[in-house]
Amino acid sequence: HVQLVESGGGSVQAGGSLRLSCAASGYASSSRAMGWFRQAPGKERAGVAVIDTDGSTGYADSVKGRFTISKDSAKNILYLQMDSLKLEDTAMYYCAASYFSSVEGRLKERNFGYWGQGTQVTVS
């Protein structure tokens, strides 16, 4: 089992920044590809960014150039730095751990089997 706990969400004005964190623990939690997904009201959950154990990353087109996914491997913490936030970034953000060590930059939800509770990001 893998436990994921998100933090860092909140309210921010358009153009501002937030950094989300995800503390991972449990079985093989340091050996999995990780990702951030989000779900806005009335919308399906969608991939935002992923990072493999080798550091390779992938991003949704809507956040490229604005968001950066990274990890502190020693502390087993995943981050999502969000800059130049837009109204459409408002969503519940979820941290996820994959079944695999690599997802090769793909944002497929079906490859992620472990989920945090989510943290709300509201841009106004």
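The text that follows walks through the structure, step by step, so that each part is easy to find.

Conventions and cut-offs
Residues numbered from 1 in each chain as written. Predicted model: local features only at pLDDT ≥ 70, side-chain atom pairs only at ≥ 80, totals over all residues. Heavy atoms only, no water. Buried < 20%, exposed > 50% of the residue type's maximum accessible area, 1.4 Å probe, protein only. Helix = DSSP H or I, 4+ residues; strand = E, 2+ residues; numbered from the N terminus. Pairing = 2+ DSSP bridges. 1 Å grid on protein atoms, 1.4 Å probe; cavity = no way out; pocket = protein on both sides within 12 Å on 5 of 7 lines; lining within 4 Å. Points joined across faces, edges and corners; volume = space filled by probe spheres on them. Nonpolar A, V, L, I, M, F, W, Y, C, P; charged D, E, K, R; others polar. Disulfide = S-S within 2.5 Å.

**Concerning the pairing of strand β11 (residues 119-123)**
By the alternation rule, side chains of β11 split into T119, V121 and V123, which are all buried, and Q120 and T122, of which none is buried. Sheet analysis places strand β2 (residues 10-12) next to β11, joined by 3 bridges and oriented parallel. When the sheet's bridge partners are listed, G10 is paired in β11 with V121. Pairing geometry for strand β9 (residues 91-98) and β11, over 3 bridges, is antiparallel. When the sheet's bridge partners are listed, M92 is paired in β11 with Q120.

**Focus: empty space enclosed by the protein**
Enumeration according to the criterion identifies 1 cavity of 30 Å³ or more in this entry. In this structure, the largest cavity spans a volume of roughly 130 Å³. Around the largest cavity sit 16 residues that line it, and S29, S30, M34, K71 and N76 are the ones nearest its centre. Looking at side-chain class alone, the lining of the largest cavity contains 6 nonpolar, 6 polar and 4 charged residues.

**A look at unusual backbone geometry**
Despite not being glycine, N76 has its phi angle at roughly 60 degrees, a positive value. Note that N76 resides in the loop between β7 (67-72) and β8 (77-82). With phi around 50 degrees, E104 is a residue other than glycine that occupies positive phi space. Take E104: it is sitting in the loop between β9 and β10 (112-115).

**Some words on the state of the cysteines**
Evaluation of the coordinates by the stated rule reveals 1 disulfide. There is a disulfide in this structure between C22 and C95, and the S-S distance comes to 2.0 Å. Between C22 and C95, the disulfide has an S-S torsion of -75 degrees and is therefore left-handed. A residue pair is termed long-range when its members are at least 10 positions apart, and C22 in strand β3 (residues 18-26) and C95 in strand β9 qualify at 73 residues. Judged by relative accessible area, C22 falls into the buried class, the value being 0%.

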